[in-house]
Every structure is written in C-alpha cells, then in structure tokens.
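Now for the letters of each chain:
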Amino acid sequence: MTAHEIDYQIFGEEMQYVEIELDPQEIVIAEAGSFMMMDNNIQMETIFGDGSEQKSGIFGQLLNAGKRVLTGESLFMTAFINQASSKGKVSFASPYPGKILPIDLTEFQGKFICQKSSFLCAAKGVSVGIEFSKKMGRGLFGGEGFIMQKIEGDGMAFVHSGGTLAKKELRAGEVLKVDTGCIVGFTKDVDYDIEFIGGIKNSVFGGEGLFYATLRGPGTVYVQSLPFSRLADRIIASAPRAGGKSHDEGSLLGGLGNLLDGDNRF
C-alpha cells in the first residue's frame, strides 16, 4: 500500500494538538471525536473502518470495520479530504493531558503495535487493525487485554499518550519491566509478556497490582507516565460523595488530617 504523504506540526506542551497540511486531494483519517478545526476547503466524510480496504467490496469493508469493535472503537472513522486546488490544514486534539507521538511507519518496518484507544489520526492508506496476543497470560492479566491495536502501512500516523512520554531503545535480549497501563506502544520485533510480581507482601500490600509487563528487545518501546485509567481513578476518588461533599469534608478531623498528612487520599 502507498499512503498519502502529509506534512504536520505539533503544537502545545501538556494539551497538544497536531495540525496536518494536505495537498489537493490528499486525505487524512481520524478517530471520531478527535477533530479540532479545519480550513474551509477541507471536506469531512464518515467511512467504514480506516478506509484502507475501499476496493475490497462491501463485505471487506464491513469485516475491516468490524475488527475495530473488538478494540472498543467505533465502526466508523472520519476522513478529511482537501477538495481545493491549494493546500489546506486540519487539526486534531489529544483527548487528555499528555503528548502526541508522530510515527513514520517506514522507520518501523511498516508496523507499530499500540494500546487500545491511543490512535489519533493517520494518512489515508494506513491500516488501523487489531493485534491478537498469542499468549493467554496477556489476555487474562495484561492491563491492555487480549487485543491491542496495530498500525500498518508506509505513511505517517499519530498516537497520544498521558503525562510525559519516555522512549526506550532495547538491545537484543534486553528486558524492560513496565506497569501494564503505562505502555503506549512498541515496534513489531519487541516480545511482550505478563509477569507475576511475586511475594505475599508485594501482592497484598504493594499497591502496584499483581502483574507487570515485560518487554524484550530488540526494538523501540514508548512508555507514558500517566495512563488515562490512573487519572480517571484519582478523579473519581476525589469526587464529591452523595450530598455534594468529599469523603472527609463533613468529618471533625478531616481537615486537620489533610493538613497533617498532605491530603494523601490516593
């Protein structure tokens, strides 16, 4: 496949967005809900799946789109096409604080594996599918579940991460242990598995879960410092309870306790 060649620029620090510059008739595809703004000459169209199987007939399109449902995504994606004779721009925003990671698939042998829901947008011709785990342990205990997303092709794609983004280059046989939710993605040669932390005290009192991911090189791994699930848990923990108050606002010692211990409610 040959993807459209697109130019881009990323703006912002903690709440980033990516601006895509399209030549006449160039197309970029994006997840529903990621659109931010566009020039007047850009037209938007809803399509089945990622649009990479448009020549395979309606059955092929439905099959391609149906795979996305297994990763928790919508059957549909949105295509933005520049219908003018001059260049046009369209922008897509990250859904929560973090970083947008540009991926040139030609530098990763045409394939990049990432966590579910991290895909933001890509050039037309890039395929966004599913990556089944061949090891049952990943599916039962991995924070990203039995299925991850795979991005394939020869064009540009963009994924988003939470918090600060770390890039790790692993040598052959080198192992990196990561919290399962902190994985953003990795190249296709990286071996990914789940490992039990071990030890009764670690398991019961450690507070870090029972399992972590082991990633074995060679390859490139991207890690995020703040997974959205962790951010959401902390927001829920600090949200007001029934009656409109937080869990210690009505307590005689609640305010004093917060003062003494730094409000360590998480």
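Everything that follows concerns the structure shown earlier in this document.
Residues numbered from 1 in each chain as written. Predicted model: local features only at pLDDT ≥ 70, side-chain atom pairs only at ≥ 80, totals over all residues. Heavy atoms only, no water.

S.K.: Just checking my understanding: could you explain the overall build of the protein for this structure?
M.R.: Summing up its helical and strand segments, the protein has five helices and 19 strands in all. Taking as baseline every contact in the protein between residues at least 6 positions apart, the subset at least 24 positions apart corresponds to 76%. Entry remark: accessible area of the protein is about 14000 Å², with carbon and sulfur atoms responsible for 55%. (Helix = DSSP H or I, 4+ residues; strand = E, 2+ residues; numbered from the N terminus. Contact = heavy atoms within 4.5 Å. Areas by Shrake-Rupley, 256 points an atom, 1.4 Å probe, with all protein chains shown as cover.)

S.K.: Any chance you could explain the side chain of Thr214 here in plain terms?
M.R.: Residue position: Thr214 is located in strand β18 (residues 211–216). On the basis of relative accessible area, Thr214 is assigned to the buried category, the value being 12%. In this structure Thr214 touches Val175, Leu176, Lys177, Asp191, Tyr192, Asp193 and Glu195, once residues within four positions along its chain are discounted. (Buried < 20%, exposed > 50% of the residue type's maximum accessible area, 1.4 Å probe, protein only.)

S.K.: Got a minute to help me understand the sheet that holds β18 in this structure?
M.R.: Note: strands within a sheet are paired through backbone hydrogen bonds, in either parallel or antiparallel orientation. Spatially, the three strands line up as an open sheet ordered β15-β18-β17, and their pairing is antiparallel. Of all strands in the sheet, those with a lone pairing partner are β15 (175–178) and β17 (191–196), marking the two edges. Going across the sheet, the axis of each strand differs from the next one's by a mean of 30 degrees, ignoring polarity. Pairing of β15 with β18 involves four bridges; the strand directions are antiparallel. Opposite Leu176, over in β18, you have Leu215 as the bridge partner. (Pairing = 2+ DSSP bridges. Axes fitted to C-alpha atoms, helices over the stretch in contact; angles between N-to-C directions.)

S.K.: In this structure, what is going on with the pairing of strand β7 (residues 88–93)? I would like to understand it.
M.R.: Two elements, strand β2 (residues 17–22) and β7, share six bridges in a ladder whose sense is antiparallel. Across the sheet, the residue bridging to Ile20 is Val90, located in β7. Two strands pair when backbone bridges link them, and strand β4 (residues 35–38) and β7 are joined in this way by three bridges, in the antiparallel orientation. Residue pairing across strands places Phe35 opposite Phe92, the latter belonging to β7.

S.K.: What is the right way to look at the pattern of salt bridges in this model?
M.R.: The full count for this structure, using the stated rule, is nine salt bridges. Put simply, Lys111 and Glu131 hold a salt bridge, and the shortest N to O gap is 3.1 Å. Taken together, the positions of Lys111 in strand β9 (residues 111–114) and Glu131 in strand β11 (residues 127–132) put the pair 20 residues apart, joining distant regions of the chain. Neither residue differs from the other here; Lys111 and Glu131 are each classed as buried. Through salt bridges with shared partners, one network takes in Glu21, Asp23 and Lys87. (Salt bridge = Lys/Arg side-chain N within 4 Å of Asp/Glu carboxyl O.)

S.K.: Mind showing me how you'd approach a nonpolar patch on the surface here?
M.R.: The grouping of Phe35, Met36, Met37, Met38 and Met44 at the surface amounts to a nonpolar patch, some 450 Å² of accessible area in total. The element that contributes the greatest number of residues to the nonpolar patch is β4, accounting for four residues. One can find Phe35 in strand β4. (Patch = residues over 30% accessible without salt bridge, like charges linked within 9 Å, V, L, I, M, F, W, Y side chains within 5 Å.)

S.K.: Help me out: how do you make sense of the environment of His160 in this one?
M.R.: Residue position: His160 is located in strand β13 (residues 156–162). Among the polar contacts listed, one links the side chain of His160 to the side chain of Tyr96, at a separation of 3.5 Å. (Polar contact = N/O pair within 3.5 Å; in protein donor to acceptor, adjacent residues only side chain to side chain.)

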